[in-house]
Amino acid sequence: MALRSCRQESRNATRSVRVGVTFIRRMLRRVRPYAIKLAAACVIVAPSVANEGAAPVSVNVSPATIEMRTFYNGADVRVEGSAPAGSDVLVIVRGAAKDEFFNRKGRKGPIWVNADKLKISGAPSLFLSFSSRELNSILDRPSINEHKLDELSIKNGIQCVAESGSPDKAYLETIRSNYLKLKGQEGSYRAISSSVKLSEAASGARQYRLEIPWPRKAPPGSYHIEVYACRNRAVIGRAEAPLRLVEAGFPAWVAALSHDHSFLYGLLAVIAATIAGFGINALASLFEPRKKVPAEGMPIPEPQNAMAAKASAGRTQSNGPDPKKRRSA
Amino acid sequence: MSVLPMVIALAAIGFTLFLPVAGISLNGFLLIGVGGVIGLLSGLLGVGGGFLLTPILMMIGVPATVAAASDSNAIVATSSSGVAAHLRLKNVDLRMGVVSLLGGVAGSAVGVECIKLLRRLGDAELVITLTYIIVLGTVGAIMLRDCLNKMRRGIMPAKTHQPSRSRPLLNRLPFQMSFPRSGVHHSFLVPFFLCLVVGLMTAVMGVGGGFMLVPVMVYLLGMPAHVAVGTSLFYILITCMDVTLMQANTNQTVDVVLALIIAVGSTVGAQVGARLSRRLRGDQLIFLLAVLALGVTLKMVVGVTQTPSNLLRKAGAHEVINIEPHSASVSASQETRR
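What you are looking at is a predicted structure, and each value in this text was computed from that prediction instead of being measured.

> Explain the overall build of chain B to me, please; I cannot follow it from the model alone.
Along the backbone of chain B there are 13 helices and five strands. Evaluated residue by residue, chain B yields a buried proportion of 61% over its 338 residues. Surface summary for chain B: the accessible area is close to 12,400 Å², and the carbon and sulfur share equals 69%.

What follows is the structure, given as structure tokens:
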């Protein structure tokens, strides 16, 4: 009896163990996808956490907002911060991509005319690159392409819609390279190496510092300052800070008026211009020497003819067709 | 001109101004200087100056749409200064001005339809460019030949000012009116239809009325050159007021700060030009206008035959790309609004 009950108990025990194991297995099966994701996340986070721990990339942009007032004349933007020891630093200023419209010149017979209309998108409106050393010596091509750090890598991202239909490969290539050339001429795309100054901090981390003469012609909007720390031709850390350009004071008021009350704005613009024209005329008549007034106001052309005679050096007869004479007649 | 020393003083300081609608900052002195030159030409020869101003503004970085719209605003200031100066010199025939405006407006409406038709047929650009070169070149050449002939012979009332053979026919047309300021007598229909053609040409070619209007008034309507210049400025003033309003209302591309800073130079320039025109004879004025027209034609010829350094040319967001701030863009902006 006792033996039987003992067996029974052990059987019960194994059964309950089995039940437990299946339960755990089931649970595991359910949880597995999450677990895998969690593990992956840990792996991804790990290096950056490690980097942050060692010497994080930091960036401080001053001023963070540039106000464009009436006499705005560009600004000096200072970008500084720290990077891991022994790294080179690359600072990129990027303006948001927006659609741009172009005419493409083409040859028709002997002359060049606008042969096509294009919409170009996917390229940053401003791209300034500053580095502590020449870009190709601090990063390899795959890293440059991954983060789009030079013109070549931006080039492949430029999209184009043409009125003539979707452009083929060769056409697209021509458009892209012409676009980059145009941006370069404008001063919107520039790369300046050896412009980021590096120094060693007491802790061993690198301090970097850069003065950007902010381009006067960059329109209002938000821009991104991206800082890359590079070592062994790879990106080891990255930080980003925004920079806003906003219209302030009188220009902000004018810009708002032109958008919100466009008809009133147009009317004011016309009135202001007309007043300017007639006002200058009134001023000029005030400053005019007295004796001249009757000579100019009167249609009698005598002084005129005298002057014209002098001008035509002896060809006095030509005063004949002088319009004023006929008018006075 | 005691304003000139002020301009020179500003030059020494060299200040920059932020243009709210264009969204960029430019050297104010540069704009005043450019304005001065354009104002001088405008006051002297009765042209708007858009043919020079738009490309210059685009060259110094103003977005194309803003450049085209704002310079019409600047031309309002320039031509009102010119008109005021010419009014004092009794060089503006208001009656003729109103008739030519009526014709011009009708002409530009027809011109816009022509452009649409050309676009549909294809090769519109080619036709427009060639028309521009041929018409402006021919007008310039005729004016130049006539002036040179007159200068060589040294006299005689210009034959164009005498009644032509077709005169009796024209005299029989209805609505005869006299234009006392110009000293001419025409049927309303004559200046109306001539200005309709001018309006049509300006709409198609996108070049300002002055180049066409002054020669038409002098050679075909028999008006004195000085009065033609003043009246042309009046025509330009009114059309540019309209363009400015349209552009501000539909495209919001008028930069009033840009326009007014140009106006500082151009209104003064227009005063100087108007006075200078008084010191020149009619044929000398026409000679200068001919040289300017031929210069613009030459620039255009060089521009279209040379291989461009860049195949891409910035365009406005709409069709209004090639359009200068005259009757052409009035209708074009009306077009975009529809």
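Right, picking up where we left off after that structure.
> Can you help me understand the overall build of chain A in this one?
The secondary structure content of chain A amounts to 10 helices and 13 strands. Residues counted as buried form 39% of the 329 residues belonging to chain A. Excluding contacts between residues fewer than 6 apart, the proportion of contacts in chain A whose partners are at least 24 apart in sequence is 66%. Carbon together with sulfur atoms contributes 59% to the accessible area of chain A, which is approximately 18,700 Å² in total.

> Honestly, the packing of helix α2 (residues 28-45) of chain B against helix α11 (residues 256-278) of chain B in this entry has me stumped. Any pointers?
Residue and element names in this part refer to chain B. Contact geometry of α2 with α11 gives a least axis separation of 6 Å together with a crossing angle of 35°. Considering how the two elements wind past one another, α2 and α11 form a crossing that is right-handed. When grouped by side-chain class, the residues that make up the contact of α2 with α11 number 12 nonpolar, 10 polar and no charged.

> Help me out: how do you make sense of the sheet that holds strand β5 (residues 100-108) of chain A in this one?
What holds strands together in a sheet is hydrogen bonding between their backbones, with the strands either parallel or antiparallel. With antiparallel pairing, four strands are arranged side by side in an open sheet as β8(A)-β6(A)-β5(A)-β5(B). Of all the strands in the sheet, just β8 (159-162) of chain A together with β5 (312-314) of chain B have a single pairing partner and so form its edges. The sheet shows a mean angle of 40° between the axes of neighbouring strands, direction not considered. Where β5(A) meets β5(B), three bridges bridge the pair, whose relative direction is antiparallel. Within β5(B), the position partnered with A:Arg104 by the bridge is B:Leu312. Of the strands in this sheet, β5, β6 (111-121) and β8 of chain A together with β5 of chain B are in contact with helix α5 (residues 169-186) of chain A, which crosses β5(B) at around 50°.

> How should the confidence of the model for chain A be read in this particular structure?
It should be kept in mind that the predicted coordinates are not to be read in detail where pLDDT is low. All names here are of chain A. Residues with a pLDDT of 70 or more make up 72% of chain A, whose mean pLDDT is 78. In this model residues 39-53 is a low-confidence stretch, pLDDT under 50, and it forms two contacts with partners more than four residues away in sequence or in other chains. Note on residues 291-329: pLDDT is under 50 here. Beyond four places in sequence and across chains, it has 61 contacts.

> Whenever I open this one, the pairing of strand β7 (residues 127-131) of chain A confuses me. Can you help?
Each regular strand carries side chains that alternate between the two faces of the sheet. Residue and element names in this part refer to chain A. In terms of residue burial, β7 counts as a mostly covered element, since five of its five residues are buried. The two faces of β7 match: Phe 127, Ser 129 and Ser 131 on one face and Leu 128 and Phe 130 on the other face are all buried. Sheet topology note: the strand β4 (residues 88-95)/β7 ladder contains five bridges and is antiparallel. Each residue of the ladder has a partner; that of Leu 90, found in β7, is Ser 131. Where β7 meets strand β9 (residues 189-192), four bridges bridge the pair, whose relative direction is parallel.

> Sorry, what's going on with the pattern of salt bridges here?
Opposite charge on two side chains allows them to pair when their charged atoms are near. Residue and element names in this part refer to chain A. For the structure shown, the criterion picks out 17 salt bridges over all chains. The shortest N-O distance in the salt bridge between Glu 100 and Lys 183 comes to 3.4 Å. One end of the pair, Glu 100, is in strand β5; the other, Lys 183, is in helix α5, and 83 residues separate them in sequence. Here the salt bridges share partners, and the residues they tie into one network are Arg 78, Glu 80, Arg 209 and Glu 211.

> Can you help me understand helix α8 (residues 189-205) of chain B in this one?
Count 3.6 residues to each turn of an α-helix, and residues three or four apart come out pointing the same way. In this model, α8(B) (17 residues) spans 24 Å end to end at C-alpha, consistent with the 24 Å of a helix rising 1.5 Å per residue. Within α8(B), 13 of the 17 residues are buried, which leaves it mostly tucked inside the rest of the structure.

> Teacher, can you tell me more about the nonpolar core here?
The nonpolar side chains of soluble globular proteins are, as a tendency, buried together. All names here are of chain B. Of all hydrophobic cores here, the largest spans 64 residues; its most connected members are Met 143, Phe 211 and Ile 286. Ignoring any residue separated from it by four or fewer positions in sequence, one finds Met 143 in contact with Pro 215, Tyr 219, Ile 286, Leu 289, Ala 290 and Ala 293. With 31 residues, the next largest nonpolar core counts Val 34, Ala 74, Ala 248 and Leu 258 among its residues.

> Would you mind showing me how to read the packing of helix α4 (residues 64-88) of chain B against α11(B) here?
Helix-helix packing is characterised by the crossing angle of the two axes and by the distance between the axes. Residues and elements named next belong to chain B. Orientation of α4 relative to α11, taken along the N-to-C sense of each, is 30°, at an axis distance of 8 Å. With respect to each other, α4 and α11 are oriented roughly parallel. Here the hand of the crossing between α4 and α11 comes out right-handed. Counting all contacts with α4, which are made through Ser 70, Asn 73, Ala 74, Ala 77, Thr 78, Ser 81, Gly 82, Ala 85, His 86 and Arg 88, the residues of α11 involved are Val 256, Leu 258, Ala 259, Ile 262, Ala 263, Ser 266, Thr 267, Ala 270, Gln 271, Ala 274, Arg 275 and Ser 277. Of the residues belonging to the contact of α4 with α11, the class tally is 10 nonpolar, 10 polar and two charged.

> Quick question: what am I supposed to make of the packing of aromatic side chains here?
Two aromatic rings are characterised by how far apart their centres lie and by the angle between their planes. All names here are of chain B. In total, this model carries eight aromatic pairs over all chains according to the counting rule given. Aromatic pair Phe 192 and Phe 193: ring centres 5.4 Å apart, planes at 90°, arrangement edge-to-face. Take Phe 192: its relative accessible area is 17%, and that puts it in the buried class. Relative accessible area serves as the criterion here: at 46%, Phe 193 is assigned to the partly exposed category. Through a chain of ring-to-ring contacts, three or more aromatic side chains come together here, namely Phe 188, Phe 192 and Phe 193.

> Mind showing me how you'd approach the sheet that holds strand β2 (residues 65-68) of chain A here?
Residue and element names in this part refer to chain A. Sheet architecture is open: six strands sit in the order β2-β13-β12-β4-β7-β9, paired in mixed fashion. Only two strands of the sheet have a single neighbouring strand rather than two, namely β2 and β9. Across this sheet, the average inter-strand angle for adjacent strands is 15°, counted without regard to direction.

> Please clarify how the state of the cysteines should be interpreted in this entry.
Between two cysteines, a covalent bond joining their sulfur atoms is known as a disulfide. A complete count under the given rule lists zero disulfides over all chains for this structure. Among the cysteines around B:Cys195, which has no disulfide bond, B:Cys240 carries the closest sulfur, lying 16 Å off.

> Honestly, the confidence of the model for chain B in this entry has me stumped. Any pointers?
All names here are of chain B. Looking at chain B as a whole, its pLDDT mean stands at 80, while 83% of the residues score no less than 70. Within chain B, helix α13 (residues 327-337) has the poorest average pLDDT of any element, 36, and α11 the best, 91. Counting contacts from residues 156-165, a segment whose pLDDT is below 50, to residues more than four positions away or on other chains yields nine contacts. Throughout residues 317-338 the model reports pLDDT below 50, and contacts reaching past four residues in sequence, or to other chains, amount to 65 contacts. With a pTM of 0.73, the predicted complex shows an ipTM of 0.80.

> I tried to follow unusual backbone geometry on my own but got confused; where do I start?
Most of the time, phi is negative for any residue but glycine, and the peptide bond is trans. The step from A:Ser62 to A:Pro63 runs through a cis peptide bond, and the omega angle for that step is -5°. Looking at the element boundaries, A:Pro63 is found in the loop between β1 (60-62) and β2. In the Ramachandran plot, A:Asn232 falls in the positive-phi region, its phi being about 50° despite a non-glycine side chain. The backbone of B:Lys90 sits at a positive phi, close to 55°, despite the residue not being glycine. Mapped onto the fold, B:Lys90 is located in the loop between α4 and α5 (94-121).

> Sorry if this is basic, but what is going on with the pairing of strand β3 (residues 176-179) of chain B here?
All names here are of chain B. Taking every second residue as pointing to the same face, the buried face of β3 carries Met 177 and Phe 179, while none of Gln 176 and Ser 178 on the other face is buried. Pairing analysis gives four bridges linking β3 to strand β4 (residues 184-187), with the strands arranged antiparallel. Looking at β4, one finds that Phe 179 is bridged to Val 184. The hairpin turn running from β3 into β4, its antiparallel successor, is four residues long, and Gly 183 in that turn takes a positive phi close to 70°.

Scoring rules and cut-offs
Residues numbered from 1 in each chain as written. Chains lettered and ligands numbered in written order. Predicted model: local features only at pLDDT ≥ 70, side-chain atom pairs only at ≥ 80, totals over all residues. Heavy atoms only, no water. Helix = DSSP H or I, 4+ residues; strand = E, 2+ residues; numbered from the N terminus. Buried < 20%, exposed > 50% of the residue type's maximum accessible area, 1.4 Å probe, protein only. Areas by Shrake-Rupley, 256 points an atom, 1.4 Å probe, with all protein chains shown as cover. Contact = heavy atoms within 4.5 Å. Axes fitted to C-alpha atoms, helices over the stretch in contact; angles between N-to-C directions. Left-handed = near helix turned anticlockwise from the far one by under 90°. Nonpolar A, V, L, I, M, F, W, Y, C, P; charged D, E, K, R; others polar. Pairing = 2+ DSSP bridges. pLDDT = per-residue confidence, 0-100. Salt bridge = Lys/Arg side-chain N within 4 Å of Asp/Glu carboxyl O. Expected span 1.5 Å × (residues − 1). Core = buried A, V, L, I, M, F, W, Y, C linked by side-chain atoms within 4.5 Å. Parallel < 35°, antiparallel > 145°, perpendicular 65-115°, else oblique. Phe/Tyr/Trp six-rings, centres within 6.5 Å; stacked < 30°, edge-to-face > 60°. Disulfide = S-S within 2.5 Å.

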